[in-house]
Number of protein chains: 2
Amino acid sequence: MHKATLGDDVFGRLLDLIYSGELPPGAELNEVALAERFAVSRGPVREAVRRLQGVQLVSRAPFLRARVITLEPTAVRELFEVREALEGYACRLAAELMTDDEIAALMEGLEANNVAAGSQARISVAAAFDFHERVVRASRNRRIIDALCGDLYHLLRLYRRWSGAAGERKAIAYTEHRQILLAIRARDADLAESLMRSHISRAAENLVDHLPPPAAPAADDRSAASGRRRRAARPDLHECH
Amino acid sequence: MHKATLGDDVFGRLLDLIYSGELPPGAELNEVALAERFAVSRGPVREAVRRLQGVQLVSRAPFLRARVITLEPTAVRELFEVREALEGYACRLAAELMTDDEIAALMEGLEANNVAAGSQARISVAAAFDFHERVVRASRNRRIIDALCGDLYHLLRLYRRWSGAAGERKAIAYTEHRQILLAIRARDADLAESLMRSHISRAAENLVDHLPPPAAPAADDRSAASGRRRRAARPDLHECH
DNA sequence: GTCGGCAAAAGTGTCGACACTATCAGCCGT
DNA sequence: ACGGCTGATAGTGTCGACACTTTTGCCGAC
């Protein structure tokens with residue numbers, strides 16, 4: 001069937017490199033180096049980089065080197081405003097369109113995860129993703145789903161990866177998620193949208209407060225380009241939005 | 001400075017072909033044919049087509065031919081829902097962020113255009129675009145601005161190009177625009193967002209009602225691929241959203 | 001006459017080489 | 001010594017050719 005093309009493969013691998021921190025924010029993407037590394041020609045690499053540019057994970061000008069985006073607080077704010085608008089609206093649609101069965105299933109998953117959260121915080125995070133994703137998909141709007149679960153989701157992961165936001169929001173998130181779901185079950189679209197917006201807004205504040213120092217422009221760390229350094233302090237710490 | 005690259009050039013030219021109707025919805029984009037036509041190699045054409053895919057103006061699977069998107073009513077609805085969410089939010093931000101001077105200037109432009117609309121309907125449309133664009137830009141959110149004035153704007157133009165929506169909304173639009181602007185001036189963010197949403201929602205209904213028949217799958221018109229036919233009935237009729 | 005398989009054609013994916021542009025080091029003049 | 005200029009260098013943009021996939025048209029079997 002759809003035999004995966006090399007470009008798609010390289011795209012995924014570059015995403016992994018970015019998520020893993022091997023390509024930290026601000027790192028430059030050298031087409032030939034990447035092509036060598038992945039043992040492919042420059043064509044697929046080019047295409048993958050262009051796609052990353054389309055997702056706004058890398059910034060690029062015509063003849064200049066492509067760079068992984070930096071984590072400016074302004075950009076974080078703008079990203080979360082878009083999430084507020086889009087995911088809030090998706091939540092409204094969900095309140096109008098979800099079937100009772102879907103709501104019940106989501107509620108069940110939320111509760112089941114909450115009891116498990118005490119011992120294993122990790123799976124709580126995964127479930128938080130799951131909650132947001134399921135609400136978004138319930139909007140039945142392919143364009144919104146693609147935007148939130150595709151492009152914006154990548155950026156979100158990147159920001160979370162590099163933010164030192166602590167886990168205190170994990171506990172709060174459950175409560176907020178539950179309130180949102182209750183509003184959906186009550187078919188109160190206005191309330192559901194409002195709650196989702198507040199939820200995301202608070203997550204944004206939490207995240208921006210824990211952003212790393214603005215990439216201290218001291219010229220000491222001049223080695224971020226092609227090497228494989230800067231191991232992640234906490235290799236896989238995610239945070240609840 | 002930024003010497004335009006061939007890929008950018010081809011991208012723009014393809015946009016023109018799509019807008020002009022020479023590449024109608026559903027037409028397939030042949031890379032070699034386009035490369036010949038533009039007197040460039042397949043590389044730039046490939047890149048341009050990929051960018052069009054990123055903007056969702058063409059749909060494409062790995063080894064299949066790229067096609068200009070079709071105008072399904074569902075897709076129109078989804079597009080306008082995104083506009084409702086995003087542009088409504090932008091309107092809220094505008095109500096909070098616009099300076100009094102900006103508001104006064106926009107009001108002035110709106111009024112000036114209204115008096116001119118009686119004689120020349122064409123410029124009224126351009127001004128409607130201008131109104132929406134200026135409100136969006138007032139959101140100060142680069143991500144929202146890029147989305148609405150970039151990707152989604154292209155789609156909007158395409159839909160309007162192929163919809164037979166009549167001009168009765170032009171008159172109504174002025175009133176609605178004015179109400180929105182009054183809400184902004186009153187710094188009533190909730191009202192401004194709500195009004196903008198209603199405005200866009202009504203425009204969506206108007207547009208979807210006038211969509212062309214769902215590309216009647218009768219096999220009579222098998223000639224839509226590479227030639228240059230199907231002249232526009234009304235070469236440049238735009239419609240107010 | 002219709003259906004299924006097969007081979008040619010059309011089209012996209014990938015590659016390596018060449019052309020053009022930006023960056024940086026060193027040189028010259030002041 | 002400092003600033004501007006000029007090469008060399010690294011990197012991206014473009015090209016034409018080849019490999020792989022899908023589609024299409026044809027042929028024979030049922």
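For the structure, see preceding data.
Residues numbered from 1 in each chain as written. Chains lettered and ligands numbered in written order. Predicted model: local features only at pLDDT ≥ 70, side-chain atom pairs only at ≥ 80, totals over all residues. Heavy atoms only, no water.

Asks: Before we go on, may I ask you to explain the protein's contact with DNA strand D in this structure?
Replies: Arg46 and Pro62 of chain A together with Thr5, Leu6 and Ser41 of chain B are the nearest of the 23 residues found near DNA strand D. In this structure, glutamate 31 of chain A approaches DNA strand D through a main-chain N or O atom, which is 3.3 Å from a phosphate oxygen. The side chain of arginine 46 of chain A places a nitrogen or oxygen atom 2.5 Å from a phosphate oxygen of DNA strand D. At the level of secondary structure, the elements contributing two or more residues to the surface near DNA strand D comprise helix 2 (31-38) and helix 3 (42-54) of chain A together with helix 1 (6-20) of chain B. Per element, the largest residue contribution to the surface near DNA strand D is three residues, and it comes from helix 3 of chain A. (Near = heavy atom within 4 Å. Polar contact = N/O pair within 3.5 Å; in protein donor to acceptor, adjacent residues only side chain to side chain. Helix = DSSP H or I, 4+ residues; strand = E, 2+ residues; numbered from the N terminus.)

Asks: Explain the relation of the copies chain B and chain A to me, please; I cannot follow it from the model alone.
Replies: One copy of the chain maps onto the second through a rotation about an axis and a displacement along it. Once turned by 180 degrees and shifted 0.0 Å along the axis, chain B lies on chain A with an RMSD of 0.0 Å. On this basis, the relationship between the two copies can be described by a two-fold rotation axis. No C-alpha of chain B approaches the rotation axis more nearly than that of alanine 85 of chain B, which lies at 2.7 Å. Here 100% of the interface residues in chain B have copies in chain A that are interface residues too; the copies meet face to matching face. (Least-squares fit on C-alpha atoms with pLDDT ≥ 70 in both. Contact = heavy atoms within 4.5 Å.)

Asks: What am I meant to see in the packing of aromatic side chains here?
Replies: We describe a pair of aromatic rings using the distance from one ring centre to the other and the angle between the two ring planes. As enumerated under the stated definition, the model contains zero aromatic pairs over all chains in all. Taking the ring centre of tyrosine 19 of chain A as reference, the NZ or CZ of arginine 157 of chain A above it sits at 3.8 Å. Over the aromatic face of tryptophan 162 of chain B sits the side chain of arginine 161 of chain B, whose NZ or CZ is 4.5 Å from the ring centroid. (Phe/Tyr/Trp six-rings, centres within 6.5 Å; stacked < 30°, edge-to-face > 60°. Lys NZ or Arg CZ within 6 Å of the ring centre and 35° of its normal.)

Asks: Help me understand the side chain of glutamate 87 of chain B, please; the structure alone is not making it clear to me.
Replies: Within the fold, glutamate 87 of chain B resides in helix 4 (residues 73-97). With sequence-adjacent residues up to four places away left out, glutamate 87 of chain B is seen in contact with Val82, His132, Val136, Leu148, Met196 and Ile200 of chain B.

Asks: Is there a simple way to think about the sheet that holds strand 1 (residues 28-29) of chain B in this case?
Replies: Within a sheet, neighbouring strands are paired by backbone hydrogen bonds and run either parallel or antiparallel to one another. All names here are of chain B. Strands sit in the order 1-3-2 across an open sheet of three strands; the sheet is antiparallel. Only two strands of the sheet have a single neighbouring strand rather than two, namely strand 1 and strand 2 (58-59). Examined bridge by bridge, strand 2 and strand 3 (residues 66-68) share two bridges and lie antiparallel to one another. In the strand pairing of strand 3, valine 58 is matched with valine 68. (Pairing = 2+ DSSP bridges.)

Asks: How should I be thinking about the interface of chain B and chain A in this particular structure?
Replies: When the parts of a complex come together, some accessible area is lost, and that lost area is often taken as the interface size. Contacts between the two partners involve 29 residues from chain B, matched on the other side by 29 residues from chain A. Together, the buried faces of chain B and chain A total about 2,500 Å²; carbon and sulfur atoms form 52% of this surface. Linking chain B to chain A there are six salt bridges. Taking the shortest distance from any N to any O, the salt bridge between glutamate 193 of chain A and arginine 197 of chain B comes out at 2.4 Å. Elements represented by at least two residues in the side of chain B that touches chain A include exactly helix 3 (42-54), helix 4, helix 7 (142-162) and helix 9 (189-209) of chain B. A per-element tally of the side of chain B that touches chain A places helix 4 of chain B first, with 11 residues. A per-class count over the side of chain B that touches chain A returns 12 nonpolar, three polar and 14 charged. (Buried area = accessible area lost by both parts, 1.4 Å probe. Salt bridge = Lys/Arg side-chain N within 4 Å of Asp/Glu carboxyl O. Nonpolar A, V, L, I, M, F, W, Y, C, P; charged D, E, K, R; others polar.)

Asks: Is there a simple way to think about the sheet that holds strand 2 (residues 58-59) of chain A in this case?
Replies: Residue and element names in this part refer to chain A. In space, the three strands of this open sheet follow the order 1-3-2, with antiparallel pairing throughout. One side of each edge strand has no neighbouring strand; the edge strands of this open sheet are strand 1 (28-29) and strand 2. Two strands pair when backbone bridges link them, and strand 1 and strand 3 (residues 66-68) are joined in this way by two bridges, in the antiparallel orientation. Directly across from leucine 29, in strand 3, lies its bridge partner alanine 66.

Asks: Even after reading the chapter, I still don't get the protein's contact with DNA strand C, so can you show me in this structure?
Replies: Close to DNA strand C lie 24 residues, the nearest being Thr5, Leu6 and Ser41 of chain A together with Arg46 and Pro62 of chain B. Those atoms of DNA strand C that come within 4 Å of the protein belong to sugar or phosphate at a rate of 75%. Between DNA strand C and serine 41 of chain A, the relevant distance is 2.7 Å, taken from a phosphate oxygen to a main-chain nitrogen or oxygen of the residue. Leucine 29 of chain B is positioned such that a nitrogen or oxygen atom in its backbone is 3.2 Å from a phosphate oxygen of DNA strand C. At the level of elements, helix 1 (6-20) and helix 3 of chain A together with helix 2 (31-38) and helix 3 of chain B are the ones that each hand at least two residues to the surface near DNA strand C. If you tally residues by element for the surface near DNA strand C, the top one is helix 3 of chain B, at three residues. Of the residues belonging to the surface near DNA strand C, the class tally is 11 nonpolar, four polar and nine charged.

Asks: When you look at the packing of helix 4 (residues 73-97) of chain A against helix 4 of chain B in this model, what are you seeing that I'm missing?
Replies: The angle between the axes and the distance between the axes are what describe a pair of packed helices. For the pair helix 4 of chain A and helix 4 of chain B, the least separation of the axes is 9 Å and the interaxial angle reads 130 degrees. It follows that helix 4 of chain A is oblique to helix 4 of chain B by the angle criterion. The hand of the helix 4 of chain A/helix 4 of chain B crossing is right-handed. Taking contact as the criterion, the partners of Glu81, Val82, Glu84, Ala85, Leu86, Tyr89 and Leu93 of chain A in helix 4 of chain A are, on helix 4 of chain B, Glu81, Val82, Glu84, Ala85, Leu86, Tyr89 and Leu93 of chain B. (Axes fitted to C-alpha atoms, helices over the stretch in contact; angles between N-to-C directions. Parallel < 35°, antiparallel > 145°, perpendicular 65-115°, else oblique. Left-handed = near helix turned anticlockwise from the far one by under 90°.)

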